[in-house]
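Spelled out from the first residue to the last, the chains are:
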Amino acid sequence: MEIDKDLIIIGAGSAGLTAAQYGARANLKIMLIEEMAPGGQALIIDELENYPGFPEPISGYEFSERMHKQAVNFGVETKTATAKKIEKKDGYFAIETSKGAFTTYAVILSTGAKHSELGIPGEKELSGKGVSYCATCDGPFFRNKKMVVVGGGDAACDEAIFLANLADKIVVVHRRDQFRAQKSLADRVLKNRNIEVRFNTVIKEITGDNKVQRAVLGKTDTGETYEEECAAVFIFIGSIPQTDLVPDLEKDEAGYIVTNQRMETATPGLYAAGDVRSTPFRQLVVAAGEGAIAAHSASQYIDELKGQAYG
């Protein structure tokens, strides 16, 4: 049978766009499937200032547009569709989407992860204007200003420690009476003189005129509610990896796809890169690197499958 594409990439964030570019430059016929706009979570970044090669900040939207244009210039076909099912058959994959079915020799999953949201007033309205889900991305914009961190797990503690290097007024609020994070990490937060921890506390609302100015906090034990002036609110209450397409694939305890260093999953020809993958550090530059590796590995796999591998 005739195969539609050499490689299909699902998800057009930083990992997917980079994989598409590298795959096309390896002379593969590529289809990049994305249900929304190319760019993924980068689209909500107001000013991206920590990506190598960009000495001046660039908006996440413009950054994504450039990556997408670059991939298209190399011959990548992009399709706005929702991938519904992946099925491995003899020597190829069948992918069912909202815009039809396609066949391919290999698949790269770069579907990312969605940040868990609090769902409180002001969160959506002030996202990118002081409300953030990434301290390393946005923390430096609020240097020497008071910031609130929401959460009690490893990510919240890690990011609070990072922010404490930028300002001496970091307030961590957690709804329980102790952290869920590893003890060593929790102890570092509790001992950091730049961090004030408030247990039994929730955030009820985020307010401000076109930027974060206050957080409305509530005590779970006393019912007291009060306002805390701050310049930013960083929310770390977990992420949801988008793995619905591969329910049976091996995942870590948090639900992220497990791969080796070549981005190979347990299914030959199926790769994962970016935020959907089990990785210790989630950043655009990391996702891009993983996308490049996944495309390189997939290219070698496809060559071998076609019997074109040399020596």
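Below or above, wherever it landed, is the structure these notes cover. (Residues numbered from 1 in each chain as written. Predicted model: local features only at pLDDT ≥ 70, side-chain atom pairs only at ≥ 80, totals over all residues. Heavy atoms only, no water.)

On to the packing of aromatic side chains. Across all of its chains, the model carries six aromatic pairs by this definition. Taken together, a centroid distance of 6.1 Å and an interplanar angle of 70° make the contact between Tyr-51 and Phe-54 edge-to-face. A residue is classified by how much of its surface remains accessible, and Tyr-51, at 18% relative accessible area, is buried. Since its relative accessible area comes to 22%, Phe-54 is described here as partly exposed. Between the aromatic rings of Phe-234 and Phe-236, the centroid separation amounts to 6.4 Å while the plane-to-plane angle is 10°, which identifies the pairing as stacked. Each member of the pair, Phe-234 together with Phe-236, is buried. Aromatic ring contacts, followed pair by pair, group Tyr-51, Phe-54 and Phe-63 into a single cluster. Over the face of the ring belonging to Tyr-256 we find Arg-282, whose NZ or CZ atom lies 3.8 Å from the ring centre. (Phe/Tyr/Trp six-rings, centres within 6.5 Å; stacked < 30°, edge-to-face > 60°. Buried < 20%, exposed > 50% of the residue type's maximum accessible area, 1.4 Å probe, protein only. Lys NZ or Arg CZ within 6 Å of the ring centre and 35° of its normal.)

Moving on, we come to the nonpolar core. Leu-7, Ile-9, Ile-30 and Ile-108 are the most contacted members of the largest nonpolar core, which has 33 residues in total. Among the secondary structure elements, those contributing two or more residues to this core are strand 1 (5-10), helix 1 (14-25), strand 2 (30-34), helix 2 (60-73), strand 6 (100-109) and helix 6 (284-306). A total of eight residues in this core trace back to one element, the largest contributor, which is helix 6. With near-sequence residues (within four places) excluded, Ile-108 lies in contact with Leu-7, Ile-8, Ile-9, Ile-10, Ala-19, Tyr-271, Ala-294 and Ala-295. (Core = buried A, V, L, I, M, F, W, Y, C linked by side-chain atoms within 4.5 Å. Helix = DSSP H or I, 4+ residues; strand = E, 2+ residues; numbered from the N terminus. Contact = heavy atoms within 4.5 Å.)

So, on to helix 1. An α-helical segment advances 3.6 residues per turn. Residues three or four places apart therefore align on the same side. Compared with the 16 Å implied by 1.5 Å per residue over twelve residues, the 17 Å span of helix 1 between its first and last C-alpha is a close match. In terms of burial, helix 1 is a largely internal element, ten of the twelve residues being buried. For helix 1, the set of buried residues is Ser-14, Ala-15, Gly-16, Leu-17, Thr-18, Ala-19, Ala-20, Gln-21, Gly-23 and Ala-24. Where helix 1 is buried, its residues contact strand 1, strand 2, helix 2, strand 6 and helix 6. Of the residues trailing helix 1, Asn-27 is marked for its positive phi of about 70°. (Expected span 1.5 Å × (residues − 1).)

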